[in-house]
Amino acid sequence: MILYPRAILTWLGFLFNTTAPHIRRIVRQCILLIHKLGIRAAQSGLQTLFSRLLAYYQRISPKKGNAEPETADFTAASVVPPVITPMDALSQSLPIQANQLQVQLNQHPAEGSCTSIDSRSPSTLPTEWDSNRFQLLVPQLCQRYKGRVLVRSDIEPKPIPAKKKDFTETPVDGWQSVVHPEGALYFYDASRHVFTDANLRSKRLLKAVNHLADQLLLKANGAIDDSTHLVLELQSKGDACNYYFVQYDKRLLFWLQDFEKPICIYEHVKGVKSDTHIKIALEAQYWFVDHIVLTSSLTDIMFIATELKHVLLHAHSDFLTSDTSVVPYDLSTLQSMFDLSNHLAEYVGSLTPSSDDRVELPAHLMCVLEARLMRLFARSKFLNFYGQVSARLNANQSVYEVEQSRQKGTLRLRLANTFLWGAPAAQYKFLQNTWIDNILNYPKWSKHISRLNGDWSNVTIFSTVMLAVDVGFLAVPGVISAAAVVIYLSAMCSVSSLVVSMLLAVESRGWGTDSAQGAASFMARMVHTQSDVEALAIMYSLPYAYLIWGMFCFVTALGISVFHSSSPATLVVVGLCWVAVTTLTLWPAWWGKFSVTPWSIPSKRGGQVKETV
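Predicted model only: the values in this text are computed from it and were never measured. (Residues numbered from 1 in each chain as written. Predicted model: local features only at pLDDT ≥ 70, side-chain atom pairs only at ≥ 80, totals over all residues. Heavy atoms only, no water.)

**Regarding the packing of aromatic side chains**
The cut-off we apply is this: Pairs were defined over the aromatic rings of Phe, Tyr and Trp, the Trp ring being its six-membered one, requiring ring centres within 6.5 Å. Orientation was assigned from the angle between planes: stacked under 30 degrees, edge-to-face over 60, tilted for the rest. Here the term buried applies to any residue with accessible area under 20% of the maximum for its type, exposed to any over 50%, and partly exposed to those in between, with areas from a 1.4 Å probe on protein chains only.
Counted by the stated rule, this structure contains 20 aromatic pairs. Between Trp129 and Phe134, the ring centres sit 4.4 Å apart and the planes meet at 5 degrees, which makes this aromatic pair stacked. Seen in terms of ring centroids, Tyr286 and Trp287 are 4.9 Å apart; in terms of plane orientation they differ by 75 degrees. Their pairing is edge-to-face. For the pair Tyr286 and Trp287, a shared accessibility class is recorded, and that class is buried. Among the aromatic side chains, those forming a connected cluster through ring pairs are Trp129, Phe134, Tyr243, Phe245 and Phe254.

**Overview of unusual backbone geometry**
With the exception of glycine, the majority of residues adopt a negative phi angle, and the majority of peptide bonds are in the trans configuration. This is how it is decided: Labels follow the DSSP assignment, with helices taken as runs of H or I lasting at least four residues and strands as runs of E lasting at least two, numbered in each case from the N terminus.
At Lys163, a residue that is not glycine, the phi angle is positive and equals roughly 65 degrees. Tracing the sequence through the fold places Lys163 in the loop between β3 (134-136) and β4 (176-179). Positive phi is not limited to glycine here, since Glu267 has a value of about 55 degrees. By the element assignment, Glu267 lies in the loop between α6 (263-266) and α7 (275-286).

**Notes on the environment of Thr333**
Structurally, the position occupied by Thr333 is in helix α9 (residues 331-349). With a relative accessible area of 29%, Thr333 lands in the partly exposed category. Along the chain, Thr333 and His316 lie 17 residues apart, while their C-alpha atoms are 9.6 Å from each other.

**A short note on the packing of helix α11 (residues 411-419) against helix α16 (residues 530-563)**
Between two packed helices, what matters for the description is the angle formed by their axes and the separation of those axes. Condition: Structural elements are reduced to axes, namely lines fitted to C-alpha atoms, with helices fitted over the stretch in contact, and the angle between N-to-C directions of any two is expressed from 0 to 180 degrees. Here is the rule for angles: anything less than 35 degrees is roughly parallel, anything more than 145 is roughly antiparallel, 65 through 115 is roughly perpendicular, and the remaining ranges are oblique. Two residues form a contact once any of their heavy atoms are found within 4.5 Å. Residues are grouped as follows: nonpolar covers Ala, Val, Leu, Ile, Met, Phe, Trp, Tyr, Cys and Pro; charged covers Asp, Glu, Lys and Arg; every other residue, Gly included, is treated as polar.
Here α11 crosses α16 at 10 degrees, and the two axes come no closer than 10 Å. Put simply, α11 runs roughly parallel to α16. Together, Arg412, Leu413, Ala416 and Phe419 of α11 and Ser531, Glu534, Ala535, Ile538 and Trp549 of α16 make up the contact between the two elements. Considering only residue class, the contact of α11 with α16 consists of six nonpolar, one polar and two charged.

Now the structure itself:
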């Protein structure tokens, strides 16, 4: 009876010696298939059968004299999504790691056979869930632009071999290497739907990423489906990661832990309570190209292109018909976006879908279509409380109760407005209409700052002229001391106006007038409270106010010199002309202070002005 098992085992040993690569490939595929289907009993039984057959063959196989014992290790690493089973139940039924099966045979592998690059010892990485090793990640906070690998400049350049035509990199087992539209390299596991920026060509990082991804997918359990993708960012130590899950059919992100302080998602917007409002914030984060490339079908892309055209059409018409539109871009920018969307729609419509309705679009097209334009308008919806009962419908409208008492300003602003010839009030009104709830209305801001730069340039010229006039007045012989003192004050104001105009004109170049992000960063840095808004309004009005004070002092000194004459005829003539000229000069300054003009008649209802024709 012993002869038959011994003959069978002898034949199996010969088979493993001669056809080891083929046997290992077949066994690996069988184990992977069993692991994928979740047949834990068959998997455990197969492992037990191999162990008993190996032990029995070692006892009854003939010895080989002085020959050294030969061993062979081969690993079947999982490249398919792990079985969605709780960790405790899986560990009871499988005494090995969830993403790895190992079978040891007393045979040596055939020469030239390959082993998986992501094999690892079960004791090298922890198998229990540890929330400290998995940190929540937001797409806009990815370290792609900050944590890039640096190139050593002292390395000798690699020579190019003769007649070499293939310059592709060695593929990573189970992962596709994809180039981001901006040039960055990342990897995608199509079977498990996992993205990562980590350099998986390093075996150490590959092991860590595979293990962390498996743990996240196991922990997710029933929360994932075919529309779910995992984005994983490996931390510097390599034993922890940042992650988020993407749900494509719902255009949102989710995590396995509670996001206790989602300030980075809300962008410091206060009062976010509604689920629909949170959904818009998550959708704004969704529109990042990292996890959109390679996952969109032709139908999806055509739908997005149509939706983008509708969004741009509404924004374009709203900006044209409303002076207080909440659209964050000016007319020229919207027109450029609309033209681009038309070209994209024409291009997508000309494509022919493949058998599986999947298309390989150019990377830059995906980047512009899905990651840039859609994200910008989704963010604008969130900032303006789109779809909420307190939605912002006008750009100069606040959604908070505490901001409704900010119209008149404080006593400091009113005093400054009196001494600075009314200039701070005009600047304060401008800042009120462009900086609402820490949100900058960039089209109005850019237009006003450009106009201010032109005004400051003109003030510089006027101040230079006034300074020359003051110096010439002092050169006139016989100037009385009182007039000289006032001329000194006029010269000081002219110099101050000249200096402040130049400083503001130079500083304005760094205020981001050509960039909405730069302008918003400047305002966020300068304005923290309502008092800061008033201070900024006063600062903007200084060049104009200094120039007016310089002119006023010069006219005062001229009056002192004129009325110092003792001739009665001269005093009468000059006095009458002085009163008439002063009245006509001050008339335009006070024009806007009155609601009634000389040719208008006040209405009896509501104090409104009714013009007569």
